[in-house]
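Chain residues, written in single-letter form:
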Amino acid sequence: MASQIARRVLRSRANEIFLAPSFSNPNSGRVFSSFDRSLSSAAVGSDLIRATLFPGDGIGPEIAESVKQVFRSAEVPIEWEEHYVGQEIDPRTQSFLTWESLESVRQNGVGLKGPMATPIGKGHRSLNLTLRKELNLYANVRPCYSLPGYKTRYDDVNLITIRENTEGEYSGLEHQVVRGVVESLKIITRQASLRVAEYAFHYAKTHGRDRVSAIHKANIMQKTDGLFLKCCREVAEKYPEIKYEEVVIDNCCMMLVKNPALFDVLVMPNLYGDIISDLCAGLVGGLGLTPSCNIGEGGIALAEAVHGSAPDIAGKNLANPTALLLSAVTMLHHLKLHDKADRIHDAIVNTIAEGKYRTADLGGTSSTTDFTKAICDHL
Amino acid sequence: MARRTAPILKQLFQSSDKSTHLGLLSRFDPKRSVTYMPRPGDGSPRAVTLIPGDGIGPLVTGAVQQVMDAMHAPVFFERYEVHGDMKKVPEEVMDSIKKTKVCLKGGLMTPVGGGVSSLNVQLRKELDLYASLVNCFNLPGLPTRHENVDIVVIRENTEGEYSGLEHEVVPGVVESLKVMTKFCSERIAKYAFEYAYLNNRKKVTAVHKANIMKLADGLFLESCREVATNYPGIKYNEIIVDNCCMQLVSKPEQFDVMVTPNLYGNLIANTAAGIAGGTGVMPGGNVGADHAVFEQGASAGNVGNLKLMEQKKANPVALLLSSAMMLRHLQFPSFADRLETAVKCVISEGKCRTKDLGGQSTTQEVVDAVIAALD
């Protein structure tokens, strides 16, 4: 590990012209003090920030092009470094993602990922799993808010779901005890729960949210979810200005479908997070409109579009770039480029609200390029 | 020895006749099938164990008792006090349920994070109530965001994530075991398909997360697929649980009967209850091979909060509809129909509704309205 640090420091010194000055901080912060680690990277001045872009498969390249165009019109100081999924398995990562791609994300600290289709077959890890494990992405953040102008049955949704991404029920540790009996392990650790709770409260504070709700089933799974709740309570004490509450998950589901305005920031373990975040995505209009961002150790943020690669409309200029654009906005917020983020966000919302340019999945007839142009005009 | 054993044997046969209602029927005519008209002498009262429970439980079970009295329903209740913070369900209550075989229950509140294991789960495990059924449907006259909802969620009730097998590996690391067995998965799949067949339902959907939990949920799916081949007239499909939740909030009309393992079933039942009108109106029950416990369908909010208790504004509709299900289970379909019609009438009129349905009435007012609507 010492050689890796040395390599990184040398590389960062060599690329000083391109990198923002704070980029040496996350790395050193991680080495020297775990409490000082920066939870977000700061952009300073007019230096260009390098960000890794994975266009992905299917409609990925088209919507990535859309994002690049919008960012160019908005004059966002970001320089994209594109990486593509390789054609053969890289032995260093045991998947189709090359070591260089992962290194570039680690170095740049931010990335944007389009939809990737995991090739079917054995002998390699799934792409999402590779990214998560190698970059240590511990929190998945999904802001869900109703888009004014796109009418769904719920118009007052405004909540964020923060889901622990590494352990819990998705450890993948299963075995067959005897024939016909299978056990699956759900693991909760103090370290991971503290990490995600810290991020949740930090996020609430920096985005001006005033309530954090921890979702659990500790009345049945007393030790596991009990540990998660204990960690959340500990962190809550450090942020006395933010209200903290605990909600049992079945209550939470019911309240979400009856009155989503009751919730603000939700923090949960892995499985509940998966279900609740998809439920909230359904409330606002589906995966085609939902942004998502994965936060990793050392302040790495990888924003991604959670929808599929839609191979049937690939290349036809029909795809809806909204999810990737909104994810890119989340990435800008993480980089503390709040004014640019707000401008682009407002442009997207206004374009959809106007109703003149909408892609097919929102009920309109525009193409991707028309939609993108409309957003640029609204900037 | 034959002289001594003959009266004992006679007594044994007679007592086993009395304890099942099939025995009751066979006393009159073993070959006559069940008709839907109450027969004279056939309405001999059945004993039902009643557990008022915690919170709003006593309020709503009191409501059910009042309505049963008004209807002259041939059931009499044996009340037992059980509270959520007891260490285990008292012996006398278990004996009573084993004797009567039917129980009506209010909510039992499990203290969060405490050392007490949930009494609800204990009851289910001991009586082997392996299927939990929640029927979520749009009530006519009750406005909701979603139309055309008629979903039955059948949830495996004994194993899965709720096995309660947890331990601390080292300080700061806790493990919880999720156990899935072929036996239980097959049982619940058979129940679900049989229910769909007997109630003329067209589709059964299995909810799972087998892309991540390949062995555990894979076993569940295998069992469902096997049972599905025995019912060619019923459509069968599978859906991943997060996609399912998304579809439930956007297009709930595509679901009919859903069969799920324990945890997902809990979430899906509460979500479906929420979209169809709220947990205050959805009936449900837990069924085993020998016993049945009826309670408010969705588990969220079945204990209520302090304010509801004080103001006596709890919604009794869910427990009333569950008791109608219970009457049907006890083979008193005419009473069940009367009760359901009365409740639906009161809801569709819209004059007497509790707070969770948008009205201002108290529990007592709703009960009075239901009794008045009985005809």
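By the naming in an unreviewed UniProt entry, chain B goes by Isopropylmalate dehydrogenase-like domain-containing protein and is assigned to Nyssa sinensis. Per UniProt, chain B has the following entry under Sequence similarities (unreviewed entry): "Belongs to the isocitrate and isopropylmalate dehydrogenases family." Regarding chain B, the relevant UniProt record gives this comment under Function (unreviewed entry): "Performs an essential role in the oxidative function of the citric acid cycle."

Looking at an unreviewed UniProt entry, one finds chain A named Isopropylmalate dehydrogenase-like domain-containing protein, with Nyssa sinensis as its source organism. UniProt, in its Sequence similarities (unreviewed entry) section for chain A, records the words "Belongs to the isocitrate and isopropylmalate dehydrogenases family."

Draft legend 1. Inspection of the side chain of T52 of chain A at higher detail. All names here are of chain A. The topology assignment puts T52 in strand β1 (residues 49-54). Its relative accessible area of 0% is what places T52 among the buried residues. Of the polar contacts made by the side chain of T52, one reaches the side chain of N108; its length is 3.1 Å. Among residues more than four places away in sequence, those in contact with T52 are W80, E81, H83, S104, V105, N108, V110, G111 and L112.

Draft legend 2. Region of the structure containing the interface of chain B and chain A. With 57 residues of chain B in contact, the opposing surface of chain A contributes 49 residues. Buried surface at the junction of chain B and chain A, summed over both partners, amounts to about 4,400 Å²; 64% is from carbon and sulfur atoms. Looking at the side of chain B facing chain A, the largest losses of area belong to R145, E166 and M246 of chain B, adding up to 15% of the total buried there. Remark: the boundary between chain B and chain A carries 1 salt bridge. D274 of chain A is the salt-bridge partner of K209 of chain B, the closest N and O atoms lying 2.7 Å from each other. Where the side of chain B that touches chain A is concerned, the elements lending two or more residues are β6 (166-170), β7 (173-181), α7 (214-228), α8 (241-250) and α9 (262-276) of chain B. For the side of chain B that touches chain A, the residue count by class is 25 nonpolar, 22 polar and 10 charged. Here strand β7 (residues 181-189) of chain A runs beside β7 of chain B; their pairing, made up of 9 bridges, is antiparallel. Within β7 of chain B, the position partnered with L185 of chain A by the bridge is L177 of chain B.

Draft legend 3. Here's a closer look at unusual backbone geometry. Despite not being glycine, E75 of chain A has its phi angle at roughly 55°, a positive value. By secondary structure assignment, the location of E75 of chain A is in the loop between α3 (60-74) and β2 (78-82). Not every positive phi belongs to a glycine, and D128 of chain B is a case in point at roughly 55°. Here D128 of chain B is to be found in the loop between α5 (119-126) and β4 (131-137).

Draft legend 4. Here's a closer look at the pairing of strand β5 (residues 150-156) of chain B. All names here are of chain B. The buried fraction of β5 is high, at 6 of 7 residues. Here β4 runs beside β5; their pairing, made up of 7 bridges, is antiparallel. Bridge assignment links V134 to a residue of β5, and that residue is V153. With 4 bridges connecting them, β5 and strand β10 (residues 257-260) associate as parallel partners. Paired with V153 across the two strands is M258, which belongs to β10.

Draft legend 5. Molecular detail of the sheet that holds strand β4 (residues 137-145) of chain A. All names here are of chain A. What the 10 strands build is an open sheet, ordered β2-β1-β3-β12-β11-β4-β5-β10-β8-β9; its pairing is mixed. This sheet does not close on itself; its edge strands, each paired only once, are β2 and β9 (243-248). With strand direction ignored, the average angle separating the axes of adjacent strands in the sheet is 25°. Relative to strand β5 (residues 158-164), β4 runs antiparallel, the two being bridged by 7 bridges. Bridging from a neighbouring strand, P143 pairs with I160 of β5. Contacting β5, β8 (211-216) and β9, helix α8 (residues 249-258) crosses the sheet at an angle of about 100° to β9.

Reading the values: rules and limits
Residues numbered from 1 in each chain as written. Chains lettered and ligands numbered in written order. Predicted model: local features only at pLDDT ≥ 70, side-chain atom pairs only at ≥ 80, totals over all residues. Heavy atoms only, no water. UniProt positions renumbered as here; feature names shortened; annotations may be inferred. Helix = DSSP H or I, 4+ residues; strand = E, 2+ residues; numbered from the N terminus. Buried < 20%, exposed > 50% of the residue type's maximum accessible area, 1.4 Å probe, protein only. Polar contact = N/O pair within 3.5 Å; in protein donor to acceptor, adjacent residues only side chain to side chain. Contact = heavy atoms within 4.5 Å. Buried area = accessible area lost by both parts, 1.4 Å probe. Salt bridge = Lys/Arg side-chain N within 4 Å of Asp/Glu carboxyl O. Nonpolar A, V, L, I, M, F, W, Y, C, P; charged D, E, K, R; others polar. Pairing = 2+ DSSP bridges. Axes fitted to C-alpha atoms, helices over the stretch in contact; angles between N-to-C directions.

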